[in-house]
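The chain contents come next:
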Amino acid sequence: MRDINTGEINEMAVVAEGEERTTWFVWILVSCSTISGLLFGYDTGVISGALVTIGSDLGPAQLSNSQKELITSSTTLGALLGGLVAGVLSDWTGRRPVLGIADIIFIAGAIAQASCHTVWSMIGGRFLIGVGVGLAACIAPLYIQELSPTRLRGRMVVLNVVMITFGQVIAYGIGAGFTHVTGGWRWMVGLGAVPAGLQLIFLLFLPESPRILIRRGNMAGARAIMTKIYAFAQPEEVDLKVKLLHAAVQQSIEITNTTTFIQRCQSMIFDPVNRRALIIGCGMQAFQQLCGFNTLMYYRPRTNFIFTLVALKWIDKIGRRKIMIWSAPGMVFGLTLASISFHFLTRKTGGNLVDGTQYSTGWSAIVLLSMIIFVASYATGLGNVPWQQGELFGLEVRGLGTSLSTATNWAGNLLIGSTYLSLMAAITPSGSFGFYAGLCFLGWLFVLGCFPETAGLSLEEVKMVFRNGFGIRESQRLRKTKQDIRARDTAAKLDKIR
């Protein structure tokens, strides 16, 4: 179970029968876990409809723009802080308890919003929701990754993203339904407590991550879970999987027991393997936000949802790297087309959009087309791949690494949200979309030069690719080696049958 050249623990020698098949246990587990994604999408999407219908319910006759900005940005600030502590907290308590804490915060935030009567109490409720979003956004993908078979891990995490986009679609539907109901906005924000309450109940019956159980010395519990995950494998194959996992976790325990938390934080910078993983994790999350998607996501939620389903099918078959290499140019093209379209659309108004002006329907249609192209390309690749971040880090720093990566996402969200309108006013819509197109192009270059292929590699194997650089070639070599081993194993089984 060790690499003959380096001595590193790896999974290549262990091929479990039926690895490519998903058991009911995994489907149920992932379905319950992805309620976190639904809450993420619903609670970030519902506020746009609620703000329109609040009216004078919070005191002022009409909310000012600054008050609306405080209400919306408080969620992002809460998510930034929640994401920053989520992974570290989960290393201490386990993954499942943190999801439970997030649910309790979601329920408290929903009740606080639905019952508030002042602007500041609404801001406080939105901040609570943000903390819950930050916790869920960081831990749900990590929990799913540690409980999914290697060959299906990417698809299982994408299911969480599907639920995020589905939550946004539901939020807009419920918003439309309560638009003309007196006090309907209270129902909009309060209904978020329902899925959170359901997940809190489901969590009582879900297992902890087997890696966390092994770290606590509960080998029997870890084996029982691995047996359910690899239900089609032979008992001896499951035993080998558990032994492999135990050997890898033992390395993590040794590192944890011989270092302090501060030293592990420092290792994220000074240890080359951890530093490369952190650069990729934070870099991909920064790319996701700095591309400007959040300035458009509220306009094409159905497009986002539909094309996320495309990623669900192909992310493990094609791979994370190829999906990003192929989809990012579509984002650049969509934003460039939007920039050109806005230039010609707004020539008669000095480059700016002016309310009440009759604009060309032809150029307006092209703007709409460009947004669809951009959102479809984003949903296929960049909307999903950065959330695979947990697979980049070794167990001893996985919580810390995912926390820093998630915090980068929300910091970028806060930056874009607070500068978008100012940027539009300063350099016109055409210039703004051209600027975002340039950032997308830089992000694509980052993927080409730094992002390795992790599909088909176990969580323990991914760490190996960063030993001598960013691991683009090394990941390809490891994947090919595993494919060859599987092919030989399949051929040997066929020979026995004959």
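Residues numbered from 1 in each chain as written. Predicted model: local features only at pLDDT ≥ 70, side-chain atom pairs only at ≥ 80, totals over all residues. Heavy atoms only, no water.

## Side note on the overall build of the protein
Counted only if it meets this: Put simply, DSSP marks the helices as runs of H or I at least four residues long and the strands as runs of E at least two long, and each gets a number from the N terminus on. Note on method: radius of gyration uses C-alpha positions; expected globular size equals 2.2 Å times residues raised to 0.38. Residue contacts follow a heavy-atom distance rule, with two residues in contact if any of their heavy atoms lie within 4.5 Å. Areas reported as accessible are Shrake-Rupley estimates using a 1.4 Å probe. Residue values count occlusion only from the protein chains shown. His is not counted, nor are the chain ends, whereas Lys and Arg count as positive and Asp and Glu as negative. The location of each charge is read from NZ of Lys, CZ of Arg, CG of Asp or CD of Glu.
The helix and strand tally for the protein stands at 19 helices and zero strands. For 498 residues, the compact-globule estimate of 2.2 N^0.38 gives 23 Å, and the protein sits close to it at 23 Å. Relative to all contacts within the protein whose residues are 6 or more apart in sequence, the contacts with residues 24 or more apart total 81%. Total accessible area on the protein stands at roughly 20,600 Å², and carbon and sulfur atoms take up 66% of it. Averaging the positions of the 42 positive and the 29 negative side-chain charges in the protein gives two centres separated by 4 Å.

## Brief notes about the packing of helix 12 (residues 261-270) against helix 13 (residues 272-290)
A pair of packed helices can be characterised by two numbers: the angle between their axes and the separation between those axes. As a reminder of what qualifies: Lines are fitted to the C-alpha atoms to define the axes, a helix being fitted only along its stretch in contact, and any angle between axes, read from their N-to-C directions, falls within 0 to 180 degrees. Just so you know how the angles are binned, under 35 degrees is roughly parallel, over 145 roughly antiparallel, 65 to 115 roughly perpendicular, and the rest oblique. Note on residue categories: nonpolar means Ala, Val, Leu, Ile, Met, Phe, Trp, Tyr, Cys or Pro, charged means Asp, Glu, Lys or Arg, and polar means any other residue, Gly included.
Taken N-terminus to C-terminus, the directions of helix 12 and helix 13 make an angle of 75°; their axes are 5 Å apart at the nearest point. With respect to helix 13, the axis of helix 12 lies roughly perpendicular. Side by side, helix 12 and helix 13 meet where Ser267, Met268, Ile269 and Phe270 of the first sit next to Pro272, Asn274, Arg275 and Leu278 of the second. Of the residues contributing to the contact of helix 12 with helix 13, the split by class is five nonpolar, two polar and one charged.

## Points about the packing of aromatic side chains
Geometry of an aromatic ring pair is reported as the spacing of the ring centres plus the angle between the planes. Our working definition: The rule is short: rings of Phe, Tyr and Trp, with Trp giving its six-membered ring, pair when the centres are within 6.5 Å, and they are stacked under 30 degrees, edge-to-face over 60, tilted in between. The buried label goes to any residue with under 20% of its type's maximum accessible area, the exposed label to any with over 50%, and the partly exposed label to all in between, with areas taken from a 1.4 Å probe on protein chains only. Criterion for a charge above a ring: Lys NZ or Arg CZ within 6 Å of the ring centre, and within 35 degrees of the ring normal.
Taken as a whole, this structure holds 11 aromatic pairs when the rule is applied. Centroid distance Phe293 to Tyr378: 3.7 Å. Interplanar angle 5°. Geometry classified as stacked. Of this pair, Phe293 sits in the loop between helix 13 and helix 14 (301-314) while Tyr378 sits in helix 16 (residues 361-380), and the two are 85 residues apart along the sequence. Across the pair, Tyr378 and Phe293 agree in class, each one buried. With centroids separated by 5.3 Å and ring planes inclined at 5°, the aromatic side chains of Phe342 and Phe433 adopt a geometry described as stacked. Taken as a pair, Phe342 in helix 15 (residues 320-345) and Phe433 in helix 17 (residues 395-450) lie far apart in primary sequence, 91 residues in all. Accessibility assignment for this pair places Phe342 and Phe433 in one class, buried. Here Lys313 stacks its cationic end above the ring of Trp314, 5.1 Å away from the centre of that ring.

## Examining the side chain of Gln199
The topology assignment puts Gln199 in helix 8 (residues 193-203). For Gln199, a relative accessible area of 1% gives the class buried. Among residues more than four places away in sequence, those in contact with Gln199 are Cys32, Ser33, Ile35, Ser36, Leu39 and Asp103.

## Some thoughts on the environment of Thr295
When you line up the elements, Thr295 lands in the loop between helix 13 and helix 14. Thr295 gets classed as buried once you look at its relative accessible area, which sits at 10%. In the structure, Thr295 is positioned 122 residues away from Gly417 in sequence and 7.5 Å away in space, judged by C-alpha atoms. Excluding anything up to four places from it in sequence, Thr295 contacts Ile416, Tyr420 and Tyr436.

## Focus on the confidence of the model for the protein
Just so we agree on the cut-off: Summary of the metric used: pLDDT quantifies the predictor's per-residue confidence within the range 0 to 100.
Summing up the model confidence of the protein, the mean pLDDT is 88 and the portion of residues at 70 or higher is 94%. Below pLDDT 50 for its whole length, residues 1-10 participates in 27 contacts with residues either more than four positions away or in separate chains.

## Here we look at a nonpolar patch on the surface
The condition is simple: Two joining distances apply to patches: 9 Å for like charges and 5 Å for nonpolar side chains (Val, Leu, Ile, Met, Phe, Trp, Tyr), and every residue must have over 30% relative accessible area and no salt bridge. Salt-bridge detection follows one rule: a side-chain nitrogen of Lys or Arg within 4 Å of a carboxyl oxygen of Asp or Glu.
Where nonpolar side chains cluster on the molecular surface, the patch consists of Val194, Leu198, Ile201, Phe202, Leu204 and Phe205 and spans about 630 Å² of accessible area. Assignment of secondary structure puts Leu204 in the loop between helix 8 and helix 9 (210-215). With relative accessibility at 66%, the residue Leu204 sits in the exposed group.

## Points about unusual backbone geometry
The phi dihedral of Thr428 is positive, around 70°, even though this residue is not glycine. Tracing the backbone shows Thr428 in helix 17.

## Description of the environment of Gly334
On the secondary structure map, Gly334 appears in helix 15. Residues Gly334 and Ile373 lie 39 residues apart in sequence; the distance between their C-alpha atoms is 5.3 Å. Contact partners of Gly334, with chain neighbours within four places excluded, come to Ser370, Ile373 and Phe374.

## A short note on the pattern of salt bridges
Under the defined criterion, the tally for this structure stands at 11 salt bridges. Note that Arg477 is salt-bridged to Glu474, the shortest N-O span being 2.7 Å. Of this pair, Arg477 and Glu474 are both found in helix 19 (residues 472-497), three residues apart, which corresponds to roughly one turn of the helix. A residue is classified by how much of its surface remains accessible, and Arg477, at 36% relative accessible area, is partly exposed. What emerges from the salt-bridge pattern is a single network uniting Asp91, Arg95, Glu146 and Arg398.

## Side note on the side chain of Arg211
Relative to the assigned elements, Arg211 resides in helix 9. Its relative accessible area of 9% is what places Arg211 among the buried residues. Sequence-distant contacts of Arg211, that is, excluding residues within four places in its chain, are made with Glu146, Leu245, Val249, Leu395, Arg398, Leu459 and Glu460.

## Here's the deal with helix 10 (residues 219-229)
For clarity, the threshold we go by: The directions considered for the arc are those from the helix axis to the C-beta atoms.
Taken together, the buried positions of helix 10 are Gly221, Ala222, Ile225, Met226 and Ile229. Looking down the long axis of helix 10, one finds its buried residues gathered within 135° of arc, a one-sided arrangement.

## Observations concerning the environment of Ile47
Topologically, Ile47 is positioned in helix 2 (residues 35-53). For the pair formed by Ile47 and Arg126, sequence separation is 79 residues and the distance between their alpha carbons is 9.0 Å. Excluding residues that lie within four positions of it along the chain, Ile47 makes contacts with Ile71, Thr72, Met122 and Arg126.

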